[in-house]
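Report on the structure
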Amino acid sequence: MGFGDLKSPAGLQVLNDYLADKSYIEGYVPSQADVAVFEAVSSPPPADLCHALRWYNHIKSYEKEKASLPGVKKALGKYGPADVEDTTGSGATDSKDDDDIDLFGSDDEEESEEAKRLREERL
């Protein structure tokens, strides 16, 4: 996940494509996600990247309110399209955190005897 290097034309192109159908990086209001990405973009995107330029100018208008925008600022690599590899180096160490909680269960885990009995009773 990520945009790549937002100081390079390729990174800005990924940002532009990502924002083609979105107003903000996350959600429907400006947030700390927008601030994090905005700070990584060194200057306004070129005019041919119209979606990125529109977003850049819009977030720039929140200059005085940046600190009060909702959300928690995360590492830059946590934002962006999922199919782009994070080249910022900020998200590589956090990959083990995804394995902490298994919300949907796993087929690999062995089911307890009581859980099996309870399931059989319900069926």
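Residues numbered from 1 in each chain as written. Predicted model: local features only at pLDDT ≥ 70, side-chain atom pairs only at ≥ 80, totals over all residues. Heavy atoms only, no water.

**Comments concerning the packing of aromatic side chains**
- Under the definition given, this model contains three aromatic pairs.
- Between Phe3 and Tyr18, the aromatic rings sit 5.3 Å apart at their centres with planes inclined by 80°, giving edge-to-face as the arrangement. Taken as a pair, Phe3 in the segment before α1 (9–18) and Tyr18 in helix α1 lie far apart in primary sequence, 15 residues in all. Comparing Phe3 with Tyr18 shows no difference in burial state: the two are buried.
- Aromatic ring contacts, followed pair by pair, group Phe38, Trp55 and Tyr56 into a single cluster. (Phe/Tyr/Trp six-rings, centres within 6.5 Å; stacked < 30°, edge-to-face > 60°. Helix = DSSP H or I, 4+ residues; strand = E, 2+ residues; numbered from the N terminus. Buried < 20%, exposed > 50% of the residue type's maximum accessible area, 1.4 Å probe, protein only.)

**As for the nonpolar core**
- If you look at the biggest cluster of nonpolar residues, it comprises 21 residues, and the most contacted ones within it are Phe3, Leu6, Leu15, Ile25, Val37 and Trp55.
- Among the elements of the structure, α1, α2 (32–40) and α3 (50–60) are those that each provide at least two residues to this core.
- When residues of this core are assigned to their parent elements, the largest contribution, five residues, is made by α2.
- Beyond its immediate chain neighbours, meaning those up to four positions away, Leu6 contacts Gly11, Leu12, Leu15, Val37, Ala40, Val41 and Leu76. (Core = buried A, V, L, I, M, F, W, Y, C linked by side-chain atoms within 4.5 Å. Contact = heavy atoms within 4.5 Å.)

**Considering the confidence of the model for the chain**
- Taken residue by residue, the chain gives an average pLDDT of 80. The fraction at 70 or more is 75%.
- Within the chain, α3 carries the highest mean pLDDT (95), whereas helix α4 (residues 113–122) carries the lowest (78).
- Counting interchain partners and residues more than four positions distant, the pLDDT-below-50 stretch residues 90–99 has five contacts. (pLDDT = per-residue confidence, 0-100.)

**A look at the side chain of Asn16**
- For Asn16, the location among the structural elements is in helix α1.
- You can call Asn16 buried: its relative accessible area is 7%.

**Things to note about the pattern of salt bridges**
- Here the structure, examined in full by the defined rule, presents four salt bridges.
- Among the ionic pairs, Lys74 bridges to Glu26, the shortest N-O distance being 3.6 Å. Here the residue Lys74 occupies a position in the loop between α3 and α4, and Glu26 occupies one in the loop between α1 and α2, the gap between them amounting to 48 residues.
- Since its relative accessible area comes to 40%, Lys74 is described here as partly exposed.
- Here Glu63 ties to Lys66 by a salt bridge, and the two come within 3.7 Å at their closest N and O atoms.
- On the accessibility criterion, Lys66 (12% relative accessible area) is buried. (Salt bridge = Lys/Arg side-chain N within 4 Å of Asp/Glu carboxyl O.)

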